[in-house]
Amino acid sequence: MNEMKRIALLLLLALAVLCSCGGREDRVEVEQVDTLSVLMTQIRQCSRLYSAEYMVRKIVTHDDNLQFSGEILQKDFSVDVPMSRRKVAIPISASVKAYIDFSDFSPDRVSRHDGKIEIFLPDPKLMLTATRIDHDAIRQYIPLIRSNFSDEELSHYEQQGRQAIINDIAHMGIIETARQSAASTLIPMLSELGYDEQDITITFRRDFGIRDIPSLIVERING
């Protein structure tokens, strides 16, 4: 009888150990799921992360000559009229901001493997705001034989200046600054969840070139 009690007790102890191990595996799996859930919640709370801002000033210049043209011996000719060159300089300033919108951030932008984690950022967005013409600083040189620049001409040159600012965005490094700023926000967050800093990678899904810049501009507000 004592032998039977001893065997029964051993069986109960073995069953308890198995149940205990199974419980720990369940808790580990739940903890991993909860970690990803917490990560999603925290990143989405960032919403719009304004990560870079540049103040830009351009001076658009234009000059032209009055030309005299005609035909001599069935040959066309065109010559500049002396002392007819007129000039204009138009100062334009703008604020260029970059931000990353995390409101729709999803788990498929997170890659985890062997204790390492990589976050693929949403495409950056650019805002060209506070575009302003410094009308008081516009300078014109008009010779006596020429008329002033018309409002239509000045408006055309101003549009050229705004486009020049857009073209310069690609050379400002604002995209890389946006990535670094996002990394400085996300890395501490991931460290709190147990990841070592050297195991964290923050990147965009692809590199952005000069031709991509216009497609990243979502707002243009002229002052």
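Rules and cut-offs
- Residues numbered from 1 in each chain as written.
- Predicted model: local features only at pLDDT ≥ 70, side-chain atom pairs only at ≥ 80, totals over all residues.
- Heavy atoms only, no water.
- Helix = DSSP H or I, 4+ residues; strand = E, 2+ residues; numbered from the N terminus.
- Buried < 20%, exposed > 50% of the residue type's maximum accessible area, 1.4 Å probe, protein only.
- Contact = heavy atoms within 4.5 Å.
- Areas by Shrake-Rupley, 256 points an atom, 1.4 Å probe, with all protein chains shown as cover.
- Phe/Tyr/Trp six-rings, centres within 6.5 Å; stacked < 30°, edge-to-face > 60°.
- Polar contact = N/O pair within 3.5 Å; in protein donor to acceptor, adjacent residues only side chain to side chain.
- Pairing = 2+ DSSP bridges.
- Axes fitted to C-alpha atoms, helices over the stretch in contact; angles between N-to-C directions.
- Core = buried A, V, L, I, M, F, W, Y, C linked by side-chain atoms within 4.5 Å.

Counting its regular elements, the protein chain contains four helices and ten strands. Overall, the protein chain shows an N-to-C arrangement of helices and strands of α-β-β-β-β-β-β-β-β-α-α-β-α-β. Counting every position in the protein chain, which comprises 223 residues, the buried fraction comes to 32%. The contacts of the protein chain with a sequence gap of at least 6 include a subset with a gap of at least 24, amounting to 81%. Taken as a whole, the protein chain presents about 14,600 Å² of accessible surface, with 52% of it coming from carbon and sulfur.

With that settled, the discussion passes to unusual backbone geometry. Trans is the common state for peptide bonds, and a negative phi is the common state for residues other than glycine. One non-glycine residue, M83, adopts positive backbone phi at about 60°. Judged by its relative accessible area of 71%, M83 is exposed. The phi dihedral of D114 is positive, around 50°, even though this residue is not glycine. In this fold, D114 is placed in the loop between strand 5 (110-113) and strand 6 (116-121). On the basis of relative accessible area, D114 is assigned to the exposed category, the value being 64%.

Further remarks concern the packing of aromatic side chains. A full pass over the atoms with the stated rule returns three aromatic pairs. Taking 6.0 Å as the distance between ring centres and 80° as the angle between the ring planes, the aromatic pair formed by F149 and Y157 counts as edge-to-face. The two residues F149 and Y157 agree in class, both being buried.

On to the side chain of R86, then. Within the fold, R86 resides in strand 4 (residues 86-101). You can call R86 buried: its relative accessible area is 5%. Within the local environment of R86, its side chain forms a polar contact with the backbone oxygen of N148, the two atoms lying 3.5 Å apart. In terms of polar contacts, R86 uses its side chain to reach the side chain of E153, at 2.9 Å. Setting aside chain neighbours within four positions, we find R86 in contact with H62, D63, D64, Y141, I142, P143, R146, S147, N148, F149 and E153.

This brings us to the sheet that holds strand 9 (residues 200-204). The strand order across the open sheet formed by three strands is 5-6-9, and the pairing between neighbours is mixed. A strand with exactly one partner marks an edge of an open sheet, and here the two such strands are strand 5 and strand 9. Taken pair by pair, the neighbouring strands of this sheet meet at an average axis angle of 15°, ignoring direction. Where strand 6 meets strand 9, five bridges bridge the pair, whose relative direction is parallel. Across the sheet, the residue bridging to I117 is I200, located in strand 9. Each of strand 6 and strand 9 is contacted by helix 3 (residues 174-192), which is oriented at about 150° to strand 9, the strand it contacts most.

What follows deals with the nonpolar core. In summary, soluble globular proteins display a tendency toward joint burial of nonpolar side chains. I90, F102, I119, L121, L126, I174 and I202 are the most contacted members of the largest nonpolar core, which totals 49 residues. Take this core: its biggest share by element is nine residues, from helix 3.

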